[in-house]
Amino acid sequence: MSKQTVKVPDIGTDQAAEVSEVLVREGDVIEVDQSIIVLETDKASVEVPSSHAGKVVAVLVKEGDEVNTGASVLEVETESGESAEAPAAAKAEKPAAATRVAEEPGSDVEEKQAPREEAMREVEVKIPDVGEGDVEVIEVSVEVGDEVSEGDTLIVLESDKASMELPAPASGKVAELTVKEGDKVREGLQAAIIQAVGGAEAPAEPAKKSGAAAAESRPAKAAAPEEGVEEKQAPREEVMREVEVKVPDVGEGDVEVIELSVEVGDEVSEGDTLIVMESDKASMELPSPAAGKVAELLVKEGDKIKQGQQIATIQAIGGAEAPAEPPEKPPEAVAKKAPAPEKPAQPEPTPPPQPSTPPPEVARSEASQYYAGPAVRKLARELGVDLSKVKPSGPRGRLLREDLRSYVRELMKRGAGGGAIPEVPKVDFSRFGEIKRVKMSRIKRATASNMHRSWLNVPHVTQFDDADITELEKFRKSQKAEAEKRGVKLTPLPFILKACALTLKAEPSFNVSLDSDGEHMIEKQYFHIGMAVDTPAGLMVPVIRDVDQKSIWELAEESVELATKARDGKLTPRDMQGGCFSVSSLGAIGGQGFTPIVNTPEVGILGISKATVKPFWNGEAFVPRTFLPLSLSYDHRAVNGADAGRFLTHLVSLFPKYEEWID
Ligand code: CAO
């Protein structure tokens, strides 16, 4: 038993890659090469395989982390105490599929001159390096005898991590198909023979490279010619040169420029994306072949461009190290034609991010069950779209940009009324009789908006109870003379306000507000209560502060004062702020109960209806008692039913024993 650390292998760039998924958890038992995390740069997504087998004892990264080559990812308890470096190093030496294609360009395509005539030749199509052992032929796209054009897909290969199309390296007729669907194949195996037309003009060129292949072979750059890039020495000095950036082999006719990532005058680093191109099969970023300044941009968004067309000129620094080489036509486009839309199609400054993975540009995540290239992932990140929710329409379940667009369009439609709140139809009421159209007051409009907001946001529950105020009413009426002396009218309201404050103290679950972060509750240590006032201009809710500390007489005075101010339109914003709870009294008007709307962000409101004398069974006889109907509405996000039950029961219990708490 020994503990080994699994590290991020050479990702071929100094820039950090983002951990977009963590595919293992502590306690998992993993195999060598099992994908453990998905790394994402703005150009590629790649699954990182484990260099060790064993039990994961610690996961050292999390989603969103930025990591560089060599960063520790996992700690694994291994059986044998194997060397930590061995497997990783072995894999690090093994370049990924595309690189291998680049370095051994003749390995998957061998051309043999057909003996009968010079203009016909047999092109043997071999399985390219697919980055790991066997891959499955999941689709044979042609039949023997089919005429194919160069670049047409012959077969589709798939591993558990990626899939790629194997294109015809030349136009001609499919003479032989040596694989069938379901076959497990590996690098070097012959897949087909194409009887190619025009052999004379396209002799076998073992050293030719595809654009994509070249893109992955960056380390050999100085020695190898680069497709799509023509370099001209600037006459003035050897260290400055103009680099013409040309469209590499994009595998088919025209592709569209869907994004210009730079502007003329921009300083770019080698590998920075200059433009993004898209065909109906793939999209790809065209990286700058050198560091320097964008001297010319010869295309614009929407342009259709084709192989060999110059799209930009880079005024590059350090001309001496990269000799001018005319672009060569790639012999085939295995890597380029892989379904990875974002595959850089010409010299890419970084080698493939992860040895022993399949074409790195598209990683299929087993964990999230979606399959998308970096451009789509990037767009999804920008839009905040969870790709696992998007329905793919691409080949073999691949997510396309269009899928993302459709998903967002659908969401927008729903947000605009499709799936949310159905619109109330407009009605011409004058068709049914005489009408008057009256402008709503500012307060009424504000009330409408507040009520709507609260109704939509707050899950309301209302509980009802009756408080026995028989004795309290006797006391209140007995205070008439005192009230007159004080110049104030003593209604049931001040008693109700005080009882509410005391209940908020006793049941603090109501003296809260939900924090806007959705993760906290604000527990208030003060007891300010709002009081709904009906005014000619509309409903207003002034707030009485520190109700718990005020006497009944003070509360009576203040409620009259605030109600008067409200009716006179003299309330200040401060008069209406800071409430913990509200009281809405329709007692003077009538009714047996109603369901008031919570004045959010408060979480509770008490509705008061008209007190009436009712027969009450006291165990021996029916006796007349005065009951005050109470309706308690609350925000069920913040308050649960049991708390509300306790609150209302406590409140109701205070009225018969008013003598204990009035002052
Ligand atoms: N049961 C029986 N009688 C009641 C009562 C009740 N629950 N509440 C008040 N009364 C009586 C008062 O005692 C008073 O009678 P007397 O003059 O004989 O004493 C009379 O009704 C009128 O009271 P009032 O309305 O002047 O005073 P108040 O303290 O009860 O209310 C205020 C003040 C500002 C709350 C009230 O005037 C008001 O505007 N209420 C409307 C609130 C509203 O619109 N709510 C709905 C909002 S939507 O949720």
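These notes cover the structure that comes with them.

## As for the overall build of the chain
Piece 1. The helix and strand inventory of the chain stands at twelve helices and 39 strands.
Piece 2. Here the chain holds 663 residues, and 48% of them are scored as buried.
Piece 3. Accessible surface computed for the chain: about 31,600 Å², of which carbon and sulfur atoms make up 51%.

## Examining the packing of helix α10 (residues 493-506) against helix α12 (residues 641-654)
Piece 1. Two elements in contact, α10 and α12, have axes whose closest approach is 9 Å; the angle formed by their N-to-C orientations is 135°. Here α12 runs oblique to α10, going by the angle between their axes. Helix-helix and strand crossings are classified by hand; for α10 and α12 the assignment is right-handed. Judged by residue contacts, Ala499, Cys500, Leu502, Thr503, Leu504 and Ala506 of α10 engage Phe647, His650, Leu651 and Leu654 from α12.
Piece 2. The residue inventory of the contact of α10 with α12, partitioned by class, reads eight nonpolar, two polar and no charged.

## Some remarks on a positive patch on the surface
Piece 1. Together, Arg437, Lys439, Arg442 and Arg445 give the surface a local cluster of positive charge.
Piece 2. Tracing the backbone through its elements, the reader meets arginine 442 in helix α7 (residues 442-457).

## Some details on the site of the ligand
Piece 1. Thr491, Asp534, Arg567, Ser584 and Ala611 are the nearest of the 21 residues found near the ligand.
Piece 2. At a separation of 3.0 Å, a nitrogen atom of the ligand approaches a polar backbone atom of serine 585.
Piece 3. For the ligand, whose free accessible area comes to 970 Å², the fraction covered by protein is 72%.
Piece 4. Those elements that place two or more of their residues in the shell around the ligand are β33 (533-535), α11 (552-567) and β36 (581-585).
Piece 5. The residue makeup of the shell around the ligand, split by class, is eleven nonpolar, five polar and five charged.

## Points about the nonpolar core
Piece 1. Membership of the largest hydrophobic core comes to 53 residues, with the highest contact counts inside it found for Phe510, Phe581, Val583, Leu606, Leu630, Leu632 and Phe655.
Piece 2. Looking at this core, the elements that each hand over two or more residues are α10, β32 (529-531), α11, β36, β37 (604-608), β39 (622-635) and α12.
Piece 3. Considering each element in turn, this core owes the most residues, eight residues, to α10.
Piece 4. Excluding residues that lie within four positions of it along the chain, leucine 632 makes contacts with Val461, Thr462, Gln463, Phe510, Phe581, Ile605, Leu606, Ala644, Phe647 and Leu648.

The rules behind the values
Per chain, residue numbering runs from 1 following the sequence as it is written. Where local features are concerned, this predicted model is filtered to residues with pLDDT of at least 70; where side-chain atom pairs are given and counted, the filter is 80 or more; whole-chain, interface and lining totals use all residues. Hydrogen atoms and water are omitted, and side-chain values are computed over all heavy atoms in the structure. Where helices and strands are cited, they refer to DSSP runs of H or I of at least four residues and of E of at least two residues respectively, numbered from the N terminus. Exposure classes here rest on a 1.4 Å probe applied to the protein chains alone. A residue is buried below 20% of its type maximum, exposed above 50%, and partly exposed in between. Per-residue and other accessible areas were derived by the Shrake-Rupley procedure at a 1.4 Å probe size, with only the shown protein chains allowed to occlude residues. Think of each axis as a best-fit line through the C-alpha atoms, taken over the contacting stretch in the case of a helix, with angles from 0 to 180 degrees between the N-to-C directions. In what follows, roughly perpendicular refers to angles from 65 to 115 degrees, roughly parallel to angles under 35, roughly antiparallel to angles over 145, and oblique to any angle outside these ranges. Helix crossings get a hand from a simple test, with the near helix turned counterclockwise from the far one by less than a right angle marking a left-handed crossing and a clockwise turn marking a right-handed one. Should any heavy atoms of two residues lie within 4.5 Å, those residues are counted as being in contact. Nonpolar residues are Ala, Val, Leu, Ile, Met, Phe, Trp, Tyr, Cys and Pro. Charged residues are Asp, Glu, Lys and Arg, and all others, Gly as well, are polar. Like-charged residues within 9 Å of one another, or nonpolar side chains (Val, Leu, Ile, Met, Phe, Trp, Tyr) within 5 Å, are grouped into patches, provided each residue has over 30% relative accessible area and no salt bridge. Salt bridge, as applied in this entry: a Lys or Arg side-chain nitrogen positioned within 4 Å of an Asp or Glu carboxyl oxygen. Note that His is not counted, nor are the chain ends; the positive residues are Lys and Arg, and the negative ones are Asp and Glu. Lysine's charge is taken at NZ, arginine's at CZ, aspartate's at CG and glutamate's at CD. If a single non-hydrogen atom of a residue is within 4 Å of a molecule or strand, that residue counts as near it. Within 3.5 Å is the distance limit for a polar contact, defined as a pair of N or O atoms, with the added protein rule that one can donate a hydrogen and the other accept it, and that residues adjacent in sequence qualify only through two side-chain atoms. Nonpolar core, defined: a set of buried Ala, Val, Leu, Ile, Met, Phe, Trp, Tyr and Cys residues in which side-chain atoms within 4.5 Å join the residues together.

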